[in-house]
Structures are given as C-alpha cells and as structure tokens.
Amino acid sequence: MPGITREEVAHLARLARLELKDEELDHFAGQLDDIIGAVAAVSDVADEDVPPTSHPLPLTNVMRPDEVRPSLTPEQALSGAPAQEQQRFKVPQILGED
C-alpha cells in the first residue's frame, strides 16, 4: 500500500482548518503512514471468527436502578434560598441575554 503523501496531509489540514508548516507536513505524513500501517497489521491478524469489539473485556453499566424515594418538597428545598421565583432559585443574571 502506498504511503500517505504530504499533499494528502495538506488536504486534510485544509479540511480541518489547520495551518501547517512544510516541516510539519512531512512529520505528520510519516506519523500518519505509521498509523495506517499499524491498522493494516491489525486488520491482517483479525480473523473472521473474532467478533469486532470496542473494548477487550466485556463491560456492563454498574448503575443502580431508579427508585422513587421520599425527598424534599419544593418549599423545603427553597427554604434557605436568598431569593426564589416560581419555585426556582433566583440568581443574578450573568449573561447579557434575556
């Protein structure tokens, strides 16, 4: 497989709106070529009986189930607030937006 050229790196840089110097184009072309070679080597090793995975170990979420529990009423939650409006905390405006 032919290596990635500095013209291809320059094209990618333009698409990403990056301004690269000539020496950076050469440097990144070499690095990207190494990365493409590594991916190709992994693709050669992967066999059809090996399923694609996103992680080497099986993972499951460890979140607890949602359960309704007793909690504060809006009045209790807002009882210590210095200012409130329509059952919400009222804070000073920090952005110039309405």
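All of these numbers come straight from a predicted model, not from anything done at the bench.

Reading guide: rules and limits
Residues numbered from 1 in each chain as written. Predicted model: local features only at pLDDT ≥ 70, side-chain atom pairs only at ≥ 80, totals over all residues. Heavy atoms only, no water. Helix = DSSP H or I, 4+ residues; strand = E, 2+ residues; numbered from the N terminus. Rg over C-alpha atoms; globule rule 2.2 N^0.38 Å. Buried < 20%, exposed > 50% of the residue type's maximum accessible area, 1.4 Å probe, protein only. Contact = heavy atoms within 4.5 Å. Areas by Shrake-Rupley, 256 points an atom, 1.4 Å probe, with all protein chains shown as cover. Lys, Arg positive; Asp, Glu negative; His and termini not counted. Charge placed at Lys NZ, Arg CZ, Asp CG, Glu CD. Core = buried A, V, L, I, M, F, W, Y, C linked by side-chain atoms within 4.5 Å. Salt bridge = Lys/Arg side-chain N within 4 Å of Asp/Glu carboxyl O.

S.K.: I'd like a rundown of the overall build of the chain, residues and numbers included.
M.R.: For the chain, the helix and strand inventory stands at 3 helices and 2 strands. When its helices and strands are written in sequence order, the chain yields α-α-α-β-β. The C-alpha radius of gyration computed for the chain amounts to 28 Å, which surpasses the reference 13 Å derived for 98 residues by more than 25%, pointing to a less compact arrangement than a globule. For the chain, the spread of C-alpha atoms along the principal axes amounts to about 70 × 45 × 15 Å. Within the chain, the fraction of its 98 residues that count as buried is 8%. Excluding contacts between residues fewer than 6 apart, the proportion of contacts in the chain whose partners are at least 24 apart in sequence is 25%. Surface exposure of the chain reaches about 9,500 Å², of which carbon and sulfur atoms provide 57%. Within the chain, one finds 8 positive and 19 negative side-chain charges whose respective centroids are separated by 13 Å.

S.K.: Explain the nonpolar core to me, and be specific about the residues and the numbers.
M.R.: Formed by I4, V9, A10, L25 and A29, the largest nonpolar core amounts to 5 residues. Every residue in contact with I4, bar those within four places of it in the chain, is listed here: V9, L12, A29, L32, D33 and I36.

S.K.: Please give an account of unusual backbone geometry that cites residues and values.
M.R.: If you check the backbone angles, R17 has positive phi at about 60° while not being a glycine. Relative to the assigned elements, R17 resides in the loop between helix 1 (6-15) and helix 2 (22-45). A positive phi angle, close to 60°, is found at Q87, a residue other than glycine. In this structure, Q87 sits in the loop between strand 1 (84-85) and strand 2 (88-89).

S.K.: So what's going on with the pattern of salt bridges? Which residues, and what values?
M.R.: Any two side chains of opposite charge can pair, on the condition that their charged atoms come close. Counted according to the given criterion, the structure contains 3 salt bridges. Note that E85 is salt-bridged to K90, the shortest N-O span being 3.4 Å. By relative accessible area, which is 43% here, E85 ends up partly exposed. Ionic contacts of the salt-bridge type, sharing partners, join the residues R6, D22 and D26 into one network.

S.K.: Lay out the environment of L32 with the relevant residues and their values.
M.R.: Topologically, L32 is positioned in helix 2. Taking the C-alpha atoms as reference points, L32 and Q93, 61 residues apart in sequence, are found 48 Å from one another. With residues up to four places along the chain from it excluded, the contact list for L32 reads I4 and V9.

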